[in-house]
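The primary structure of each chain is shown beneath.
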Amino acid sequence: MYFENPKDDDLIFAIENHGNVQNFHWEIFSGKNKPFMDGAVEIKNGEIQEINPAGSARDDRNLTIRVSDGENKKEIFKTF
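Below is a summary of the structure that appears in this document. Quantities reported herein were computed from a predicted structural model and do not represent experimental measurements.

### Here we look at the packing of aromatic side chains
Right, on to step 1. All told, the structure shown has one aromatic pair when counted by the stated rule.
Right, on to step 2. Considering the side-chain rings of Phe 13 and Trp 26, the 5.8 Å spacing of their centres and the 75° angle between planes classify their relative orientation as edge-to-face. Here Phe 13, found in strand β2 (residues 13-16), pairs with Trp 26, found in strand β3 (residues 23-30); they are 13 residues apart in sequence, far enough to count as distant. Across this residue pair, the class does not change: Phe 13 and Trp 26 are buried.
Right, on to step 3. The ring of Phe 3 is capped by Lys 78, whose NZ or CZ atom sits 4.7 Å from the centre of that ring.

Structure, rendered in structure tokens:
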């Protein structure tokens, strides 16, 4: 998982599937609050899916994106 453009103000990120699980859930947090955006995506093994979250509502300059496949969780961070 990584940001497409880490230095830009957009929230576009990519999820790479290197395992057998195909269903992923993502959440975007501003600070430590509840997620202000979330979604689900199906990605086949060996594929990459770009996620372009609609909107940019945020009340903090620090964002966390958390992706889970039901077994594992990964996080990436972005500061504006």
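### Thoughts on the pattern of salt bridges
Right, on to step 1. Enumeration over the complete set of coordinates arrives at two salt bridges.
Right, on to step 2. Here Lys 78 ties to Asp 10 by a salt bridge, and the two come within 4.0 Å at their closest N and O atoms. Here Asp 10 lies in the loop between β1 (2-3) and β2 and Lys 78 lies in strand β7 (residues 73-79), a separation of 68 residues in the sequence.
Right, on to step 3. Its salt-bridge partner being Glu 75, residue Arg 66 comes within 2.8 Å of it at the nearest N-O pair.

### So, the nonpolar core
Right, on to step 1. Formed by 16 residues in total, the largest nonpolar core has its most connected members in Phe 13, Ile 15, Trp 26, Ile 28, Ile 65 and Val 67.
Right, on to step 2. Of all the secondary structure elements, the ones that give two or more residues to this core are β2, β3, β4 (37-42) and β6 (62-68).
Right, on to step 3. If sequence neighbours within four positions are ignored, Phe 13 has contacts with Met 1, Tyr 2, Phe 3, Glu 4, Trp 26, Gln 49, Glu 50, Ile 51, Pro 53, Ile 65, Val 67 and Ile 76.

How each quantity is defined
All residue numbers here refer to positions counted from 1 along the written sequence of the relevant chain. pLDDT decides what is reported in this predicted model: residues at 70 or higher carry local features, side-chain atom pairs at 80 or more are listed and counted, and totals for whole chains, interfaces and linings draw on all residues regardless. Processing note: side-chain calculations cover all non-hydrogen atoms of the structure and skip hydrogens and water entirely. A pair of aromatic rings is counted whenever rings of Phe, Tyr or Trp (Trp by its six-membered ring) have centres within 6.5 Å, and the orientation is called stacked for planes under 30 degrees apart, edge-to-face for over 60 and tilted otherwise. Where helices and strands are cited, they refer to DSSP runs of H or I of at least four residues and of E of at least two residues respectively, numbered from the N terminus. Here the term buried applies to any residue with accessible area under 20% of the maximum for its type, exposed to any over 50%, and partly exposed to those in between, with areas from a 1.4 Å probe on protein chains only. Look at NZ for Lys and CZ for Arg. If either is within 6 Å of the ring centre and within 35 degrees of the ring normal, a charge sits over the ring. Throughout this description, the term salt bridge denotes a Lys or Arg side-chain nitrogen within 4 Å of a carboxyl oxygen of Asp or Glu. In plain words, nonpolar cores are sets of buried Ala, Val, Leu, Ile, Met, Phe, Trp, Tyr and Cys residues tied together by side-chain atoms within 4.5 Å. Only heavy atoms matter for contacts: two residues are in contact if any of them lie within 4.5 Å across the pair.

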